[in-house]
Amino acid sequence: METAIEIRGLNKSFGKRHVLKDVNLTTYAGEVFGFLGPNGAGKSTTIKMIVGLLSIDEGQISICGNDVEKNFEDAMKLVGAIVENPESYKNLTGLQNLQLYARIRKGVTPERVQEVIELVGLSNRIKEKVGKYSLGMKQRLGLAQALLHHPKVLILDEPTNGLDPAGIKTLRDILKKLAHEEGVCVLVSSHMMSEMELMCDRVGIIMNGAMVDVKTIDELVASAASDTLTFHYYVDRAEEAFKTVSEYDETISGHVMDETHFEISYPSDKTDRFSGELNRKLFESGYSIYSITPVTNKHLEDVFLQMTQEGGSQIA
Ligand SMILES: Nc1ncnc2c1ncn2[C@@H]1O[C@H](COP(=O)(O)OP(=O)(O)O)[C@@H](O)[C@H]1O
Ligand SMILES: [Mg+2]
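The shown structure was predicted, so the numbers you read here are calculated from the model rather than taken from an experiment.

K.L.:
Looking at this structure, I do not really get the sheet that holds strand β4 (residues 58–63). What am I missing?
P.N.:
Two modes of strand pairing occur in sheets, parallel and antiparallel, and in both the strands are linked by backbone hydrogen bonds. Ordered in space as β2-β1-β4-β5, the 4 strands form an open sheet in which the pairing is antiparallel. Strand pairing shows two members of the sheet lacking a second neighbour, β2 (17–28) and β5 (66–67), which therefore form its edges. Both strand β1 (residues 3–14) and β4 contribute to a ladder of 5 bridges, which runs antiparallel. Residue Glu6 lies in a different strand from β4, and its bridge partner there is Ser62. Contacts from helix α1 (residues 43–50) reach β1, β2 and β4, with the element oriented near 115 degrees to β1.

So, in structure tokens, the structure goes:
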């Protein structure tokens, strides 16, 4: 795998406040990497240091092997970014804004301008003044701007802010396409776990300025998944059926939900034995089982909340 962003031993203080504490991170070409953490964790500070908007106190950052401090221009040629709010000229049209940026970034052809407009889905509004754009449209224009020069690394700080669910879905599809089909390394920051779960291949969790975990989404969910399995049963007589099941083994717990539903939990290492035996027991005792539904494992949101609480992070 080709390394895209490499951060080593990064430290930053604002006055006496130690805001980034020895942050290490490696991201790769072709992945959407989610930088997750509560407000005030240090996401924007890290991103500003990657793109040279803030100085580095201690540590190194490189983009595809180009040191951001020693080789700033070469490093930045490879980066497209939106930090905080995308800036554009309100009295110009979307197209004029892009043409202006195309002139600053060398080698951007008129064809490329059209290509990014289509990619972000702004074709039918691109000749309107930006002053008339919704926040979502401004975000799309910002993304188009960031992509003009074919960056190998795309960095977006909280890009879903102000987007409606349809806008978030569009953004997600665009970012995945860029990463998975064009090999771009996409770094997105967010405090919204549920969005990142759908958008990212891997996530790094930052809390109080420290990276506490870097994992694939699947690993992260699995690592916090409980070792207990839970099922919902839909039967003809829930109360009596639940009594029959819960008396079967002392490791089985649960409760009656309503007249026809009950919930049971048992250790996951007993699945092989219990799944068949409990059903046979119910069947032999004369109950009708209409359905058995596993209650799905924890989602990233739960994992994150759990980690945040364990880590004792202060949410600003
Ligand atoms: N220019 C600054 N001066 C002083 N403190 C700052 C400055 N920028 C950020 N901070 C502080 O650094 C911490 C991290 O902020 P930030 O990186 O913006 O967090 P995030 O983007 O994860 O919400 C916060 O405690 C914030 O108040
Ligand atoms: Mg921020």
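K.L.:
It is not clear to me how the sheet that holds strand β3 (residues 32–36) should be interpreted in this structure. Could you clarify?
P.N.:
Strand order in this open sheet of 6 strands is β6-β7-β8-β3-β9-β10, and the pairing throughout is mixed. Only two strands of the sheet have a single partner each, and these edge strands are β6 (79–82) and β10 (210–216). The average undirected angle you get between the axes of adjacent strands in this sheet is 15 degrees. Where β3 and strand β8 (residues 185–190) come together, 5 bridges link them in parallel fashion.

K.L.:
How do you make sense of the domain arrangement of the chain when you look at a structure like this?
P.N.:
In many reports, interface size means the accessible area that the parts give up when they come together. Domain annotation for the chain reports domain 1 (3–223) and domain 2 (227–294). One C-alpha centre belongs to domain 1, the other to domain 2; they are set 48 Å apart.

K.L.:
What is the right way to read the site of ligand 1 from this model?
P.N.:
Contacts to ligand 1 come from Phe14, Val19, Gly37, Asn39, Gly40, Ala41, Gly42, Lys43, Ser44 and Thr45. Broken down by element, the shell around ligand 1 gets its largest block of residues, 3 residues, from α1. When the residues that make up the shell around ligand 1 are grouped by side-chain class, the tally is 3 nonpolar, 6 polar and 1 charged.

Here is what the cut-offs are and how they apply
- Residues numbered from 1 in each chain as written.
- Chains lettered and ligands numbered in written order.
- Predicted model: local features only at pLDDT ≥ 70, side-chain atom pairs only at ≥ 80, totals over all residues.
- Pairing = 2+ DSSP bridges.
- Helix = DSSP H or I, 4+ residues; strand = E, 2+ residues; numbered from the N terminus.
- Contact = placed C-beta atoms within 7 Å.
- Axes fitted to C-alpha atoms, helices over the stretch in contact; angles between N-to-C directions.
- Domains from an automatic or database assignment.
- Near = placed C-beta within 6 Å.
- Nonpolar A, V, L, I, M, F, W, Y, C, P; charged D, E, K, R; others polar.

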